[in-house]
Amino acid sequence: MSQTISFDLLVIGSGPAGQKAAVEAARNGASVALIEKTRELGGACVQRGTIPSKTLRENALRVKNMRMNAQIANFKLAEDMELATLINRLSEVLEAHDNYMRKQLQRSGVELIHGRATFVNEREIQVENVSGTKQLYRSQHILIATGSHPRKPDDIPIDHEHLFDSDSILSMLYLPKSLTVLGGGVIASEYASIFQALGVKVTMIDKYPRPLGFLDDDLTDTFISGFHHMGGTWKGNTKITRCFWNGIDAVVTECDDGSVISSDKLLCAAGRVANVKELHIENAGLQLNQRGLISVDDQLQTDVAGIYAAGDVIGPPSLASASMEQGRRAACNALQIETGNMHNTIPAGIYSIPELSSVGLSETQAREKYGDIFVGTARFDEIARGQISGIQNGLLKIVCAKDGKTILGVMIVGEGATELIHIGQMALLNQCSVDFFVETIFNFPTLAEAYRAAALEIIHARKLRA
Ligand SMILES: Cc1cc2nc3c(=O)[nH]c(=O)nc-3n(C[C@H](O)[C@H](O)[C@H](O)COP(=O)(O)OP(=O)(O)OC[C@H]3O[C@@H](n4cnc5c(N)ncnc54)[C@H](O)[C@@H]3O)c2cc1C
């Protein structure tokens, strides 16, 4: 091993958290090394998660729309459709993203180190490259941004051939005729509805009564009814007793209610686990918390001074969007760079079909916290743009405090939800009164007009109560 090399900041992991941290620190004049063990940059977000699933979703929507317009085009998906055909633009998207990231790191002067990082002590990291060569790096500031991988329950024999996890699902060669999805979280809901939109017969099974339990029932009802309408089956309140490939032609899933589901393939989406095993954080005096994650304070600093952590490795919200900002902030905090306010109000975007998005408190959370509140809703089929675009199953809901003015949260289900939510987010962060949505002139016809309609409902109820 040659001499130890020193940097102002060592970042482990090139996902959204690590990448933004490295660039921010380097732009502010620090010497920064970004250590990544895989050949590709971008982490789960770029390689296996966000971008691949959203690329498939884009094509699933096209397929769904073509089916809806069957009168115009007599559309049928070819038998034995290769999955690669349905994510045909993925390699272009990934290549463009990879090029952009490499250029950005280069331009910012970040040193990219290819290899697996392990803590030697609280200031030193050993990096082993593919040929087994080891090199020591030293810094006063280290950021752990190693992300997460799918949780593999002991009783689900994932083989990545018939039974997949969310990292391997897109490695299926052909679009299956049927798919069982275990789980009711974000990833399960996204993939279940995307594959159903592609014409795969999807059965989604979860132990909870509804998918996406952190959202209000009226939103998840809209999601479930849209999923059923496309031909999917939601089986809530159901536990799996056994799950196996029968060796011939099907994955068999046995449930505690006695039902047995046979499908071509199965996706297990049972949450994610922090990537910490190879790091040997104990060498730095760190340990995992009870949830198997790295704990940080509001500066994103771990229990060891100088060691920071950001992204999936610290747990929820486990979103690429939040990870980027955490990474940037961790770097700023480490190097004493001004960060600006940290907002706890992070929007959740669920790219199922239909989309769902929320920011701030849900109606259920607001009622639990404050009791008396105001709620205004607008259905997309009552809005001109919704009628024109044929968006039937859409809903926007504003949750307001007892004064009928202070916005507490916004929830949306329907196409465009993940973009529309930002209007509500800005109003919430700027502490606008709900009246602001009525005083503002929105383009007509737009879905954003739903804000106006929902706000009017609240103002009307406020007047009645006055
Ligand atoms: C199917 C799916 C869909 C998703 N969709 C969305 C979405 O629509 N919107 C959204 O905001 N989020 C989405 N997410 C979540 C998002 O992908 C993650 O929150 C985000 O990637 C976390 O970023 P990160 O930087 O913490 O870690 P990661 O992106 O996981 O990156 C960690 C990096 O660290 C590297 N690494 C690990 N250990 C070491 C080591 N010892 N040495 C060197 N390198 C190491 C890994 O190789 C990896 O490149 C989705 C996730 C999945 C799985």
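Heads up: these notes are all about the structure in this document. Here the structure is a predicted model, which is why all the values come from computation and not from measurement.

Section: the site of the ligand
Stage number 1. Taken together, 38 residues lie around the ligand, and Glu-36, Lys-54, Ala-117, Asp-312 and Ala-320 are the ones closest in.
Stage number 2. Ala-44 is positioned with one of its backbone polar atoms (N or O) 3.0 Å from an oxygen atom of the ligand.
Stage number 3. Within the contact set of the ligand, an oxygen atom lies 3.3 Å away from a backbone nitrogen or oxygen of Leu-319.
Stage number 4. Relative to its unbound accessible area of 1,000 Å², the ligand is 95% covered by the protein chains.
Stage number 5. Where the shell around the ligand is concerned, the elements lending two or more residues are helix H1 (16-27), strand S3 (32-36), helix H2 (43-47), helix H3 (50-68), strand S5 (116-119), helix H6 (186-197) and helix H8 (320-335).
Stage number 6. For the shell around the ligand, the per-class residue count stands at 14 nonpolar, 17 polar and 7 charged.

Quick notes on the sheet that holds S5
Stage number 1. The 4 strands lie next to each other as S1-S7-S6-S5, forming an open sheet whose pairing is mixed. Both edges of this open sheet fall to strand S1 (5-6) and S5, since each of them pairs with a single strand only.
Stage number 2. Of the pairings in the sheet, the one linking strand S6 (residues 124-128) to strand S7 (residues 134-138) comprises 5 bridges and is antiparallel in character. Residue pairing in the sheet places Gln-126 in a bridge with Leu-136 of S7.

Digging into the nonpolar core
Among soluble globular proteins, nonpolar side chains are generally buried collectively.
Stage number 1. Within the largest apolar cluster, 97 residues are counted, with the highest numbers of intra-cluster contacts made by Phe-119, Ile-144 and Phe-195.
Stage number 2. If we skip the residues at most four places from it in the chain, Ile-144 touches Ile-12, Phe-119, Leu-279, Ile-281, Leu-286, Ile-294, Ile-307, Tyr-308, Ala-309, Ala-310 and Val-313.

Looking at the packing of H1 against helix H5 (residues 90-108)
Stage number 1. Relative to each other, H1 and H5 sit at 25 degrees, their axes nearing to 9 Å. In terms of orientation, H1 lies roughly parallel with respect to H5. Read as a crossing pair, H1 and H5 show a hand that is left-handed. Where H1 abuts H5, its residues Gln-19, Ala-22, Val-23, Ala-26 and Arg-27 lie against Met-101, Gln-104, Leu-105 and Ser-108.
Stage number 2. Per-class residue counts for the contact of H1 with H5 are 5 nonpolar, 3 polar and 1 charged.

Here's the deal with H6
Stage number 1. For H6, built from 12 residues, the straight-helix expectation of 16 Å at 1.5 Å per residue is met to within 8% by its first-to-last C-alpha distance of 17 Å.
Stage number 2. Where burial is concerned, most of H6 is hidden: 10 out of the 12 residues are buried.
Stage number 3. What H6 keeps buried is the set Ala-188, Ser-189, Glu-190, Tyr-191, Ala-192, Ser-193, Ile-194, Phe-195, Gln-196 and Ala-197.
Stage number 4. Of the residues one or two after H6, Gly-199 is the one with positive phi, at around 95 degrees.

Comments concerning the sheet that holds strand S17 (residues 265-268)
Stage number 1. Across the sheet, which stays open at both edges, the 5 strands sit in the order S10-S17-S11-S12-S13 with parallel pairing between neighbours. The outermost strands of the open sheet, each flanked by one partner alone, are strand S10 (163-165) and strand S13 (233-235). Averaged over all neighbouring strand pairs, the angle between strand axes comes to 20 degrees, with direction disregarded.
Stage number 2. As judged from the 4 bridges shared by strand S11 (residues 178-182) and S17, these two strands associate in the parallel manner. Note on S17: the bridge partner recorded for Thr-180 is Leu-266.
Stage number 3. Strand contacts of H6: S11, strand S12 (201-205) and S17, with the helix running at about 160 degrees to S12, the strand carrying the most contacts.

Side note on the pattern of salt bridges
Stage number 1. With the rule as written, the count across this model stands at 23 salt bridges.
Stage number 2. Between Arg-210 and Asp-217 there is a salt bridge; the shortest N-O distance is 3.4 Å.
Stage number 3. On the basis of relative accessible area, Arg-210 is assigned to the partly exposed category, the value being 25%.
Stage number 4. The closest approach of N and O atoms between Arg-329 and Glu-325, which form a salt bridge, is 2.8 Å. Taken together, the residues Arg-329 and Glu-325, both in helix H8 and 4 residues apart, mark about one turn of the helix.
Stage number 5. Residue Arg-329 is classed as buried on the basis of its relative accessible area, which comes to 6%.

Calculation rules
Residues numbered from 1 in each chain as written. Predicted model: local features only at pLDDT ≥ 70, side-chain atom pairs only at ≥ 80, totals over all residues. Heavy atoms only, no water. Near = heavy atom within 4 Å. Polar contact = N/O pair within 3.5 Å; in protein donor to acceptor, adjacent residues only side chain to side chain. Areas by Shrake-Rupley, 256 points an atom, 1.4 Å probe, with all protein chains shown as cover. Helix = DSSP H or I, 4+ residues; strand = E, 2+ residues; numbered from the N terminus. Nonpolar A, V, L, I, M, F, W, Y, C, P; charged D, E, K, R; others polar. Pairing = 2+ DSSP bridges. Core = buried A, V, L, I, M, F, W, Y, C linked by side-chain atoms within 4.5 Å. Buried < 20%, exposed > 50% of the residue type's maximum accessible area, 1.4 Å probe, protein only. Contact = heavy atoms within 4.5 Å. Axes fitted to C-alpha atoms, helices over the stretch in contact; angles between N-to-C directions. Parallel < 35°, antiparallel > 145°, perpendicular 65-115°, else oblique. Left-handed = near helix turned anticlockwise from the far one by under 90°. Expected span 1.5 Å × (residues − 1). Salt bridge = Lys/Arg side-chain N within 4 Å of Asp/Glu carboxyl O.

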